Amino acid sequence: MKKQEERGVDEYECAICKDTELVYYQEAATNGLIYEFAKPCECRERKAWRRRFKQSMIPEEFTQANFENYETSSPVQKDMLELTKKYRSLFKIIKQGDEKKKIIPAHNFGLIAVFGEQRLKEMPSSERAVLKQQHNNFGIGKTHLQIALSKQLIKEGFNVLVVSDVSFMEELMQAKKMDDEGETYHRLLSGALSADVLIWDDIGKVSWTEARERMYYTIINERYRKQKPIVFNSNEDRGTLADKIGYAAASRLIGECGEYLLETEGIDWRLKR
């Protein structure tokens, strides 16, 4: 590998700063001495955005998701889009001299089912198909909207982490069993607790266990204490979601939504397509 000073200009992504993200300049002082200073290169924010996007763990199938290509063919989709944009407006970046201050709402934001998946499974098989058609909550664009929201926030400078319930919970539970002095577990947990915004896709999907209920509570309660928001969607309703993640966790998760909780149902666009 070539040393930095041996590389040609065309081998740098940014020829101005040679990928250091700093531009050096000199100024003469009144005593005749020349002092060297450094200022951020114009490429720094662009590269920071790329790093935030990479670290966000946005699923590959949603990398093209945005508000502009979200289809609003039904009233519920229009309501979802309107509420997502309203929630988006709560986030602001305020410049204070050379520093930037993040304004992050304490409210959570949730899109949940009117009639939960677990409730459907408990119904007699003779009634299940009809109820599924009447109260479908799958494929109506909940994840698309929340990924679109996350991408806008990332672009503006917020640190966002996107997790999918089943894989995230399984990774955490497996990490607790690893013989690495808790390093992997604490790394996963730290990411979920420290992100400005945690996007939790399909929360409550994984099967209930007492250990998983404690894990839900640990994450949700800690973010509740720190007043850091969770943006979530679920195919469960208020009652069945509480059954899946625990009543204490559900109380904090749903209770912190205020007006930013929408119960949704509609036509499955995947099946329609």
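So, a few notes on the structure that sits alongside this text.

So, empty space enclosed by the protein
Here is step 1: Taken as a whole and judged by the stated rule, the model has three cavities of 30 Å³ or more.
Here is step 2: Here the largest cavity defines a volume of roughly 60 Å³.
Here is step 3: As for the largest cavity, its lining consists of Ala106, Asn108, Ile220, Arg223, Tyr224, Gln227, Lys228, Ile230, Arg252 and Glu256.
Here is step 4: With three residues, the single largest contributor to the lining of the largest cavity is helix 8 (residues 210-226).

Considerations on the nonpolar core
Here is step 1: Ranked by size, the top nonpolar core spans 33 residues in total, and within it Trp200, Ile203, Tyr216, Ile219, Ile220, Phe232 and Ile245 carry the most contacts.
Here is step 2: Listing elements by their share of this core, those giving two or more residues are strand 6 (160-164), helix 6 (165-177), helix 7 (183-194), strand 7 (197-201), helix 8, strand 8 (230-233), helix 9 (238-245) and helix 10 (247-255).
Here is step 3: Apart from residues no more than four positions distant in its own chain, Ile245 is found in contact with Ile203, Gly204, Glu213, Tyr216, Ile220, Ala250 and Leu253.
Here is step 4: Formed by 27 residues, the second largest nonpolar core is a distinct cluster that contains Val76, Tyr87, Phe91 and Val162.

What about the pattern of salt bridges?
Here is step 1: Per the counting criterion, the structure on display carries twelve salt bridges.
Here is step 2: Across the salt bridge formed by Glu117 and Lys121, the nearest N and O atoms sit 3.7 Å from each other. Taken as a pair, Glu117 and Lys121 lie in helix 3 (residues 117-121) at a separation of four residues, close to a single helical turn.
Here is step 3: Taking relative accessible area as the criterion, Glu117 reaches 12% and is therefore assigned buried.
Here is step 4: Measuring nitrogen to oxygen at the nearest pair gives 3.8 Å for the salt bridge that ties Lys244 to Glu236. Neither residue differs from the other here; Lys244 and Glu236 are each classed as buried.
Here is step 5: Several salt bridges share partner residues, and in doing so they unite Glu117, Lys121 and Lys205 into one network.

Let's talk about helix 5 (residues 142-156)
Here is step 1: For helix 5, which comprises 15 residues, the first-to-last C-alpha distance of 22 Å matches the rise-based estimate of 21 Å (1.5 Å per residue) to within 8%.
Here is step 2: When we look at burial in helix 5, the residues that qualify are Lys142, Thr143, His144, Leu145, Gln146, Ile147, Ala148, Leu149, Ser150, Lys151, Leu153 and Ile154.
Here is step 3: Where helix 5 ends, the next residue or the one after it, Gly157, has phi of about 120 degrees, a positive value.

Reading the values: rules and limits
- Residues numbered from 1 in each chain as written.
- Predicted model: local features only at pLDDT ≥ 70, side-chain atom pairs only at ≥ 80, totals over all residues.
- Heavy atoms only, no water.
- 1 Å grid on protein atoms, 1.4 Å probe; cavity = no way out; pocket = protein on both sides within 12 Å on 5 of 7 lines; lining within 4 Å.
- Points joined across faces, edges and corners; volume = space filled by probe spheres on them.
- Helix = DSSP H or I, 4+ residues; strand = E, 2+ residues; numbered from the N terminus.
- Core = buried A, V, L, I, M, F, W, Y, C linked by side-chain atoms within 4.5 Å.
- Buried < 20%, exposed > 50% of the residue type's maximum accessible area, 1.4 Å probe, protein only.
- Contact = heavy atoms within 4.5 Å.
- Salt bridge = Lys/Arg side-chain N within 4 Å of Asp/Glu carboxyl O.
- Expected span 1.5 Å × (residues − 1).

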